[in-house]
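# Working through the structure, step by step
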Amino acid sequence: MRFARRFLLLAAAAAVAACGSAPTKEPSPAPVAAPKPAPSTKYYKDDGPGDGVPANLDALPDAVPRIEPLHRFANRPYTVFGREYVPATSLRAYRERGIASWYGRKFHGEKTSSGETYDMYAMTAAHPTLPLPSYARVTNVASGKSVVVRVNDRGPFLHGRVIDLSYAAATKLGIAQKGSGEVDIEAILPAGAPTFVAAAPLPPVGAAPVASAPS
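Okay, so let's go over this structure. In this text, all values refer to a predicted model and were calculated from it rather than measured experimentally.

### Section: the environment of Thr124
One can find Thr124 in strand β4 (residues 124-126). Judged by relative accessible area, which is 9%, Thr124 ranks as buried. C-alpha of Thr124 to C-alpha of Ser134: the two residues are 10 residues apart in sequence and 9.9 Å apart in space. Beyond its immediate stretch of four places on either side in the chain, Thr124 contacts Tyr118, Asp119, Val149, Arg150, Asn152, Leu165, Ser166 and Ala169.

### Focus on the pattern of salt bridges
In this structure the tally under the stated criterion is six salt bridges. The residue Asp184 makes a salt bridge to Arg97 at a minimum N-O spacing of 2.7 Å. In this pair, Asp184 is assigned in strand β8 (residues 180-188) and Arg97 in strand β3 (residues 95-103), connecting sequence segments 87 residues apart. In this structure, Arg150 and Glu116 form a salt bridge, with 2.8 Å as the shortest nitrogen-oxygen distance. Taken together, the residues Arg150 in strand β6 (residues 146-153) and Glu116 in the loop between β3 and β4 connect sequence positions 34 residues apart. By relative accessible area, Arg150 is classed as buried at 14%. The exposure class of Glu116 is partly exposed, given its relative accessible area of 28%.

### Focus on the pairing of strand β7 (residues 163-166)
Judged from the four bridges that link them, β3 and β7 form a sheet pairing that is parallel. What sits directly across from Ser101, in β7, is Asp164. In this sheet, β7 lies alongside β4 in antiparallel orientation, the contact comprising two bridges. By the bridge assignment for β7, Ala125 is matched with Leu165.

Conventions used here
In every chain, residue numbers begin from 1 and rise along the written sequence. Two thresholds apply to this predicted model, a pLDDT of at least 70 for residue-level local features and 80 or more for giving and counting side-chain atom pairs, whereas whole-chain, interface and lining totals are computed over all residues. Computation of side-chain values covers all heavy atoms of the structure but excludes hydrogens and water. Secondary structure is summarised from DSSP: a helix means a run of H or I of at least four residues, a strand means a run of E of at least two, and numbering begins at the N terminus for each. With a 1.4 Å probe rolled over the protein chains alone, any residue whose accessible area is under 20% of its type maximum counts as buried; one over 50% counts as exposed, and the rest are partly exposed. Here, residues are in contact when the closest pair of their heavy atoms is within 4.5 Å. Here, a salt bridge means any Lys or Arg side-chain nitrogen found within 4 Å of an Asp or Glu carboxyl oxygen. Pairing between two strands is assigned when DSSP locates at least 2 bridges connecting them.

In structure tokens form, the structure reads like this:
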């Protein structure tokens, strides 16, 4: 009897202990924040349209070609990434089809190759060999839409692209969202521009010689 009574007491104690240690509902895990989207590959790292983009870029007038003195130093031969570029030193005919890109806030407010301040909301462009400054008509091959830009900078130098447009010019041309697009480039020769009749056409960027690697 003593054993049976002891067993009953132990069983009751175990039951009480079991009730006291009954599992409680675990708290819900903290919500996990959605991963941030990967940076766009449509433009260089830290570049892009930026904040406070003017709402009327589509209505921005094209650049108006006029005769300007060419820059004393920005039209000298130069080498980038082992490739030699020989810019024109006079206004002359130029036509080429290739891929255009654009550059934005990373360079906004910085100095261009011509010493001017880059304004991504102006109708400008960068080209490897067109004289600085000069003017060109750029036409979107897919849509037929054209813009006139003032070339005041050097570039682009990557991925076989032939011209870098300002964000404003790329927006008007319809390639800003895509990041790049196939275009036709034609130099504009202002009326009365000197020496362009006798000058040979400027060779396409694709024909630029490649500098020999250093030994």
